[in-house]
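If you want the building blocks of each chain, they are given just below.
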Amino acid sequence: MLKTIEHKVDLCIIGGGLAGMGAAVEAAKHGIKTLLMHERPVLGGNASSEIRMWICGGWGYMETGLPEELRQENIFRNPNGNYSVWDLLLYEKLRFQENLTLLLNCSCMDAEMDGNSIKAVKGWQLTTQEFHRVEAKLFADCSGDSILAPLTGANFRWGREGKSEFGESMAPEHEDSCTMGMSCLMQAREMSERQDFKPPWWSNRYPDDSALENRYHQMGPLQNFWFLELGGEGNTIADTEKLRDELLKTAIGVWDHIKNHGEHEAENWALDWIGFLPGKRESRRYEGDYIMTQDDVLSGRNFPDCVAYGGWPVDDHYPAGFLHKGEPNTHVYPDKPYGIPLRSLYSNNVENLFFAGRNISVSHMALSSTRVMATCMLLGQAVGSAAVSCVRYNVSPREAAQKYIGEIRQRLMEDDCTLPGFIRKRPDLTLQAALTVSNGTDGEVLRSGLERGEGNFWTAQNGDWAEYDFGSKAQVNEIRVIFDTDLERTGAVGRNLPAAYALNMPAKAVSDKIIAGFSIFADGREIYRTDEQHLRCFRLPVNILASKIRLQINRTRGTKGNIFAFDVNGRK
Ligand SMILES: Cc1cc2nc3c(=O)[nH]c(=O)nc-3n(C[C@H](O)[C@H](O)[C@H](O)COP(=O)(O)OP(=O)(O)OC[C@H]3O[C@@H](n4cnc5c(N)ncnc54)[C@H](O)[C@@H]3O)c2cc1C
């Protein structure tokens, strides 16, 4: 008889793509007992070494929070862009997170209901031949394919809405069951001499460019083969195994075309890797209390219960994908970053079910923008933060959205998530203290609450300092600093792992604007020192009595560095 392992937690998350990871880290770090069940051996979903897609997000308005933390950590520790180092980094982030149980190689395949709430889910762990049964107060489906929808009866949608349903000008005239397709990607590596390629007998053949019109297929460092897409006219769940076969035939056929049919600047390039696990763009989308639409995205709308934002264009792919004649997709940019409401992140009929990722409550047209992975990770963080309030006050996701939205948002902003239109409340201890900076500039920007953008930072050189004087001893609980990582410096392309490995590719480095070495002093005594700062957000929990807290800059990477925020939390 096979064994069943029992678990009891506050929040159970299904799926460890970037959305599930965001939810897991945010919830666990704020003290609620969390479990993540993920069916693959590596984390990151479409961003993992198994699929290798770039993490994109708000165009010209880079995400902060966890996406920026992981990107910076990766540039710092993985300057040559190795996918195994990236996998290890994601593994480390979750495996050693306090309050988090990580079940890898464990596929959720059953759920038990108690009225309109989920009582428990069950997963099958491939490596141990064990079942895991997880009872939880709250569940978050971050599986992309929304596995908990068929298992719990949660309402969901599939396919494209007709124009009239939400007044979407870019939607098809009539609703249909088409979606965007899935892809098996390839990566190539440039070598110092000619590389030959012999295609297997079973791959497709593209002897001329006729099948590849409007599909840019020259070889170069930015070639990631995203256009190898099939399956949007069928069923992107049920057809996956059949589509993998077609995608491999297509991908290898395209590589044969690039190498052996025509001039594609590919003479010295070799096939380095091909994905056997199709990366998915779209399948089931849950219905929440609010369904976001094309207009919400393109007008840059915000919401009173905004908990995340997006900014990728409405980028709708034709369902036939690679087989579609003409341009493969649309590209219409939003006016400005748009808000995403918490009401789109929980089920409208299953009481304790959150979701985050590409399966949130959006129309097909809105999904074509919200689906990118940095946005998905922010959605995960938002769900994690909302779950903390649900557990703290013993309320449902809907009640949390109605009653505790301020607290949910404040926690996210403290964790360095930008929320357009919202300013983080600074601690009273910081606002009431006398602030002095050593270099005669205006230090007030350090407590303005504006934590990104030109003009919102204090510029410092080696030896400069900023100090809060509380007038008398105060209980100090936390010191928080936001450094300038030069958010828009290299855009998503430069912050991601390589699409293709060009010969003599320069190693990446974090920006010169990030201060590398600094100390924290309490009443003249050094209580913290580092020479390796490379992240934007620094938070130091302490438990001390002090009348003055000083931040002193010891080493800049360039001639100077920038700081957006410095505050001290505690009480007099
Ligand atoms: C070819 C391609 C190109 C793309 N291009 C980009 C791009 O350039 N930039 C960008 O940001 N986005 C891109 N996207 C979109 C983006 O990758 C997805 O929308 C995004 O990955 C969705 O994130 P997610 O966390 O919801 O899902 P996923 O990344 O799919 O993660 C969900 C995880 O849940 C796991 N899971 C599923 N079912 C279960 C279960 N029953 N039990 C346990 N675990 C389960 C899955 O194995 C998966 O790892 C692209 C997508 C594709 C396919």
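Structural data are supplied above this passage.
Residues numbered from 1 in each chain as written. Predicted model: local features only at pLDDT ≥ 70, side-chain atom pairs only at ≥ 80, totals over all residues. Heavy atoms only, no water.

Draft legend 1. Region of interest: the site of the ligand. Every one of the 33 residues lining the ligand counts as a neighbour, but Glu 39, Trp 54, Cys 56, Arg 371 and Met 373 are closest to it. In the environment of the ligand, a nitrogen atom lies 2.6 Å from a nitrogen or oxygen atom belonging to the backbone of Trp 54. Backbone polar atom of Arg 358 to an oxygen atom of the ligand: 3.0 Å apart, as the coordinates give it. Against a free-state accessible area of 990 Å², the protein chains account for coverage of 93% of the ligand. At the level of elements, α1 (18–29), β4 (106–114), β12 (279–280) and α9 (373–393) are the ones that each hand at least two residues to the shell around the ligand. With three residues, β4 is the largest single contributor of residues to the shell around the ligand. Residues that form the shell around the ligand fall into these classes: 16 nonpolar, eleven polar and six charged. (Near = heavy atom within 4 Å. Polar contact = N/O pair within 3.5 Å; in protein donor to acceptor, adjacent residues only side chain to side chain. Areas by Shrake-Rupley, 256 points an atom, 1.4 Å probe, with all protein chains shown as cover. Helix = DSSP H or I, 4+ residues; strand = E, 2+ residues; numbered from the N terminus. Nonpolar A, V, L, I, M, F, W, Y, C, P; charged D, E, K, R; others polar.)

Draft legend 2. Local environment of the packing of helix α2 (residues 65–77) against α9. In the contact formed by α2 and α9, the axes pass within 7 Å of each other and the chain directions differ by 125°. Classified by the angle between their axes, α2 and α9 sit oblique to one another. Residues Gly 65, Leu 66, Pro 67, Leu 70 and Arg 71 of α2 pack against Ala 374, Met 377, Leu 378 and Gln 381 of α9. (Axes fitted to C-alpha atoms, helices over the stretch in contact; angles between N-to-C directions. Parallel < 35°, antiparallel > 145°, perpendicular 65-115°, else oblique. Contact = heavy atoms within 4.5 Å.)

Draft legend 3. Main features of the packing of aromatic side chains. Scanning all chains against the criterion turns up 19 aromatic pairs. Seen from their ring centres, Tyr 286 and Phe 355 are 4.5 Å apart, and the 5° between their planes marks the pair as stacked. Remark: Phe 355 occurs in strand β16 (residues 353–355) and Tyr 286 occurs in strand β13 (residues 285–286); sequence separation between them is 69 residues. Among the aromatic residues, those joined into a ring-pair cluster are Phe 197, Tyr 206, Phe 225, Phe 227, Trp 255 and Phe 322. One cation-aromatic arrangement involves Arg 550 over Trp 465; the distance from NZ or CZ to the ring centre is 3.7 Å. (Phe/Tyr/Trp six-rings, centres within 6.5 Å; stacked < 30°, edge-to-face > 60°. Lys NZ or Arg CZ within 6 Å of the ring centre and 35° of its normal.)

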